[in-house]
Amino acid sequence: MNAPASASTVRPDPSASPARQLLAWDLIHKLVSFDTTSRDSNLALIDWVRGYLRGHGVESTLTFNDDQRKANLFATLPAQDGNATDRGIVLSGHTDVVPVDGQPWDTDPFRATIIGDRVHGRGVTDMKSFSATGLAFVPEFLRRGLRRPVHFALSYDEEVGCIGVRRLIEDIVRRGLKPTGCIVGEPTGMQLVVAHKGKKGYRCLVRGHEAHSSLTPLGVNAVQIACEIVTFLTGMARAFRDGGAYDDAYDVPYTTVHTGVIRGGTALNIVPRDCWFDFEFRHLPFDDPDLLLARVKEHAARFLPEMRAVAPDTFIEFDALSTLPGFDTHGDSEIADIGRACNGTHDCGKVSFGTEASLFHNAAIPTIICGPGHIAQAHQPNEWVALDQLAACEAFMRRLADRVCAA
Ligand SMILES: [Zn+2]
């Protein structure tokens, strides 16, 4: 596919682009240049953005993680009338990216590189380009004056469980800010997304009893019991697939159940003492994950009498690994109207992957998801975003500016 003419707005070509449009590309390039893999500090990027905003007279509030190696940044561009608290629009993005370890990249992942009609680089789609494009509009927002506040929310540790943004949101609530809504720029192909599934992850540990494998009745085989529970989970997954409930607005229109990791046993001639496995529910709003877990626990409990008859210290334990609520704005909030107006369509979608959107939503900040690129291009070697997606993101931001600016 050839790059459409509008894509030239994000190319670094001074003769073809007004200064502000160049800035969008410069900012994408800059943000991608920071290696903000979740395990490492994001402070270099945060410091740079803070300096950029300060250069425009905008101060930022940072909230740190426990060891101070990572920070969220929150900044407010007040309205012309001085209002900095009410009716604002939050532009939200996470700063961290997934690792490139072991992935076959053809370009330097931390250098945004244009090849044909695509930009390659870690984070170009998930999700530095949205944040960069929003930040590129700061000079314009300030020059034209705002009728309502615009807030920037940049978080850490999204990719490892939406951890950082929880502190940023606590800070918003503590300071009494009452934004009208939030736009999370995760890659949706610039489609308006008003709901995503919830996710709950668990680890199940089966503690059995070791014995020589020629004497299996004297042992409790943790691997086999774990597999019985995994099989039960597989049955649940099939039941959802075949019997619903369904919401066809999602790409996968039913609750999914999945076991991702299993470890157990040490040698073939030992009845294994331990086996653990990790599983998750990605649930539609009307399926309650706590009830699903209760069914799994009930099934697991049926093995205990048999296990304890052999060895009383055997057990089956469940620990929560991660929780991300689902959300659904039902498309009837003001922020959804703004989203529709800015991307010029009446369609709203729902997605199966989790984002920070549900955490904003649960803090009484209605939220939509809309960002350039596609989730299928994220987390991959040679992660890329199409230039026309960047142009669409810029067009979205321009329409947003027309709605929020006074002049
Ligand atoms: Zn993301």
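Structure's up top.
Here's what I pulled together on the structure shown here. Bear in mind that the values here come from a model prediction, so they are computed numbers and not experimental data.

Quick word on the coordination of the zinc ion
Bound to the zinc ion on the protein side are H94 (NE2), D126 (OD), E186 (OE) and E186 (OE), at distances that span 1.8 to 2.4 Å. Its 4 donor atoms give the zinc ion angles of 56 to 142° at the centre, a pattern that matches the irregular case. For the zinc ion, the single-chain donor residues occur in sequence as H-x31-D-x59-E. Residue H94 is located in strand β3 (residues 89–94), and its partner D126 is located in the loop between β5 (118–120) and α3 (128–136); the two are separated by 32 residues in the primary sequence. Take H94: its relative accessible area is 1%, and that puts it in the buried class. With relative accessibility at 4%, the residue D126 sits in the buried group.

Re empty space enclosed by the protein
Take a probe with the size of a water molecule and roll it over the atoms, and the empty space left behind shows itself. Within the structure shown, the criterion is met by 1 cavity of 30 Å³ or more. Taken as a whole, the largest cavity encloses approximately 40 Å³ of empty space. In terms of lining residues, the largest cavity is bounded by L31, L45, V49, H94, T95, K128, S131 and L154. Only α2 (43–55) and α3 provide two or more residues apiece to the lining of the largest cavity. In terms of residue class, the lining of the largest cavity is built from 4 nonpolar, 3 polar and 1 charged.

Structural notes on the pattern of salt bridges
Considering all chains together, one arrives at 22 salt bridges under this definition. Across the salt bridge formed by D101 and R39, the nearest N and O atoms sit 2.7 Å from each other. Highlighted residues: D101 in the loop between β3 and β4 (113–115) and R39 in the loop between α1 (19–33) and α2, separated in sequence by 62 residues. Judged by its relative accessible area of 48%, R39 falls in the partly exposed class. A salt bridge links D278 to R203; its shortest N-O distance comes to 2.7 Å. Within this pair, whereas D278 is found in strand β13 (residues 274–283), its partner R203 is found in strand β9 (residues 198–207), the two being separated by 75 residues in sequence. Several salt bridges converge on common partners, so that one network encompasses E140, R144, R398 and D402.

Re the sheet that holds strand β18 (residues 384–386)
Spatially, the 3 strands line up as an open sheet ordered β4-β5-β18, and their pairing is antiparallel. Across the chains shown, the open sheet's two edge strands, defined by having one partner strand only, are β4 and β18. For this sheet, the mean angle separating the axes of adjacent strands, direction not counted, is 30°. Where β5 meets β18, 3 bridges bridge the pair, whose relative direction is antiparallel.

What about the packing of aromatic side chains?
For the structure on display, the rule yields 8 aromatic pairs. Through a chain of ring-to-ring contacts, the aromatic side chains of Y202, F277, F279, F281 and F318 assemble into a single cluster. The side chain of R118 reaches across the aromatic face of W384, ending 3.5 Å from its centre. The side chain of K197 reaches across the aromatic face of Y250, ending 5.8 Å from its centre.

What about the layout of surface pockets?
Each pocket or cavity is described by its volume, and for the largest pocket that value is around 420 Å³. In this structure, the largest pocket is lined by 18 residues; those nearest its centre are E158, E159, K199, R282 and G354. Residue contributions to the lining of the largest pocket peak at 3 residues, all from strand β14 (residues 315–324). Tallied by class, residues from the lining of the largest pocket come to 6 nonpolar, 5 polar and 7 charged. In this model, the second largest pocket occupies a volume close to 270 Å³. At the level of elements, α6 (222–243) and α8 (304–310) are the ones that each hand at least two residues to the lining of the second largest pocket. For the lining of the second largest pocket, the class distribution of residues is 6 nonpolar, 4 polar and 2 charged.

A few points about the packing of α6 against helix α7 (residues 289–301)
Interhelical geometry of α6 versus α7 gives an angle of 140° and a closest axis separation of 10 Å. On the basis of the axis angle, α6 is oblique to α7. For the crossing formed where α6 meets α7, the hand is right-handed. Within the contact between the two elements, α6 uses E228, I229, F232, L233, M236 and F240 and α7 uses L292, R295, V296, H299 and A300. Per-class residue counts for the contact of α6 with α7 are 8 nonpolar, 1 polar and 2 charged.

Observations concerning the environment of H258
Within the fold, H258 resides in strand β11 (residues 256–264). Here H258 falls in the partly exposed class, since its relative accessible area comes to 42%. When near neighbours in sequence (up to four residues on either side) are disregarded, H258 contacts D278, F279 and E280.

Description of the sheet that holds β14
With antiparallel pairing, 4 strands are arranged side by side in an open sheet as β11-β13-β9-β14. Sheet topology places β11 and β14 at the edges, where each strand pairs with a single neighbour. Sheet twist, expressed as the average angle between the axes of neighbouring strands with direction ignored, equals 20°. Pairing of β9 with β14, which is carried by 9 bridges, proceeds in the antiparallel orientation. In the strand pairing of β14, K199 is matched with L324. Running at roughly 10° to β13, α6 makes contact with β9, β11, β13 and β14 of the sheet.

Cut-off values and rules
Residues numbered from 1 in each chain as written. Predicted model: local features only at pLDDT ≥ 70, side-chain atom pairs only at ≥ 80, totals over all residues. Heavy atoms only, no water. Donors = N, O, S within 2.8 Å, 3.2 Å for Na, K, Ca; no water. Tetrahedral: all angles 85-135°; square planar, octahedral: opposite > 155°, others 65-115°. Helix = DSSP H or I, 4+ residues; strand = E, 2+ residues; numbered from the N terminus. Buried < 20%, exposed > 50% of the residue type's maximum accessible area, 1.4 Å probe, protein only. 1 Å grid on protein atoms, 1.4 Å probe; cavity = no way out; pocket = protein on both sides within 12 Å on 5 of 7 lines; lining within 4 Å. Points joined across faces, edges and corners; volume = space filled by probe spheres on them. Nonpolar A, V, L, I, M, F, W, Y, C, P; charged D, E, K, R; others polar. Salt bridge = Lys/Arg side-chain N within 4 Å of Asp/Glu carboxyl O. Pairing = 2+ DSSP bridges. Axes fitted to C-alpha atoms, helices over the stretch in contact; angles between N-to-C directions. Phe/Tyr/Trp six-rings, centres within 6.5 Å; stacked < 30°, edge-to-face > 60°. Lys NZ or Arg CZ within 6 Å of the ring centre and 35° of its normal. Parallel < 35°, antiparallel > 145°, perpendicular 65-115°, else oblique. Left-handed = near helix turned anticlockwise from the far one by under 90°. Contact = heavy atoms within 4.5 Å.

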